[in-house]
Amino acid sequence: MMRMCEVEAVNGTSVKLTCTFSSTQPVSLQTASVSWDFRSITANRHERILYYQEVPYPIKEGLFNGHVQWSGDIKRKDASITLNNVRPAFNGTYFCQVANPPDVHANIGETVLRVVDKVTLSEISLLGAIVGGSCVVILVFLGVFVAVRMYKKRNKEKDIEMRVEEYRNKQSTMW
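Residues numbered from 1 in each chain as written. Predicted model: local features only at pLDDT ≥ 70, side-chain atom pairs only at ≥ 80, totals over all residues. Heavy atoms only, no water.

Draft legend 1. Local environment of the pairing of strand S3 (residues 33-40). Extensive coverage of S3 is indicated by the burial of seven of its eight residues. In terms of strand pairing, S3 meets strand S8 (residues 92-99) through eight bridges, oriented antiparallel. Bridge pairing in S8 places phenylalanine 38 opposite tyrosine 94. Remark: six residues form the turn of the hairpin made by S3 and strand S4 (residues 47-53), two consecutive strands paired antiparallel. (Buried < 20%, exposed > 50% of the residue type's maximum accessible area, 1.4 Å probe, protein only. Helix = DSSP H or I, 4+ residues; strand = E, 2+ residues; numbered from the N terminus. Pairing = 2+ DSSP bridges.)

See below:
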């Protein structure tokens, strides 16, 4: 029994749709077969995108022509495919059906694919920029504060020196 999973891919990239299966019988390269079908989110019809029996037979026309690549290894119970240069039109549900006679029941797996546009700043990047920017602003304010205090302290020392000198001058003129 296979499970349903969800996959997200960035528009224009490649994505692997994983399909593993189990069988009570030894896997035979000659009799095992795999069918990959697609159902878009807008249409309620299935479209065959790849058939495999001994060798892969990707479709040669339509939406998926040149985009589907066999990535599996039947002997290792892997019937995965890779979709290259994914587009928003590839949004939908993909069905992987594996038959390994004499098993009576075929394994069927579902993968929901969401194709998203490339985002320039991810949430983590945005958070990092905000925290980093805040730290810079705090350091600038701290630097200004320290500089002002040092300036005042120097001026105060000079003022004290000047007053001491004035006092001495007054004292010397009095005697």
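Here the narrative resumes, following the displayed structure.
Draft legend 2. Broad picture of the packing of aromatic side chains. With the rule as written, the count across this model stands at six aromatic pairs. Seen from their ring centres, phenylalanine 38 and tyrosine 94 are 4.8 Å apart, and the 45° between their planes marks the pair as tilted. Remark: tyrosine 94 occurs in strand S8 and phenylalanine 38 occurs in strand S3; sequence separation between them is 56 residues. Residue classification places tyrosine 94 among the buried positions, given a relative accessible area of 0%. Ring geometry for phenylalanine 64 against tyrosine 94: centres 6.1 Å apart, planes inclined by 85°, an arrangement best described as edge-to-face. Residue phenylalanine 64 is located in the loop between strand S5 (55-58) and strand S6 (68-70), and its partner tyrosine 94 is located in strand S8; the two are separated by 30 residues in the primary sequence. Here the two residues phenylalanine 64 and tyrosine 94 agree in accessibility, since each one is buried. Through a chain of ring-to-ring contacts, three or more aromatic side chains come together here, namely Phe38, Phe64, Phe90 and Tyr94. (Phe/Tyr/Trp six-rings, centres within 6.5 Å; stacked < 30°, edge-to-face > 60°.)

Draft legend 3. Here's a closer look at the pattern of salt bridges. This model, assessed by the stated rule, comprises three salt bridges. The partner of arginine 114 in a salt bridge is glutamate 8, with the nearest N and O atoms 3.1 Å apart. Here arginine 114, found in strand S9 (residues 107-116), pairs with glutamate 8, found in strand S1 (residues 4-10); they are 106 residues apart in sequence, far enough to count as distant. By relative accessible area, which is 44% here, arginine 114 ends up partly exposed. The partner of arginine 48 in a salt bridge is aspartate 37, and the shortest N-O contact between them spans 2.6 Å. (Salt bridge = Lys/Arg side-chain N within 4 Å of Asp/Glu carboxyl O.)

Draft legend 4. Region of the structure containing the side chain of asparagine 100. Mapped onto the secondary structure, asparagine 100 falls in the loop between S8 and S9. A polar atom in the side chain of asparagine 100 sits 2.9 Å from the side chain of serine 23. One polar contact links the side chain of asparagine 100 to the main-chain carbonyl oxygen of glutamine 25, over a distance of 3.4 Å. (Polar contact = N/O pair within 3.5 Å; in protein donor to acceptor, adjacent residues only side chain to side chain.)

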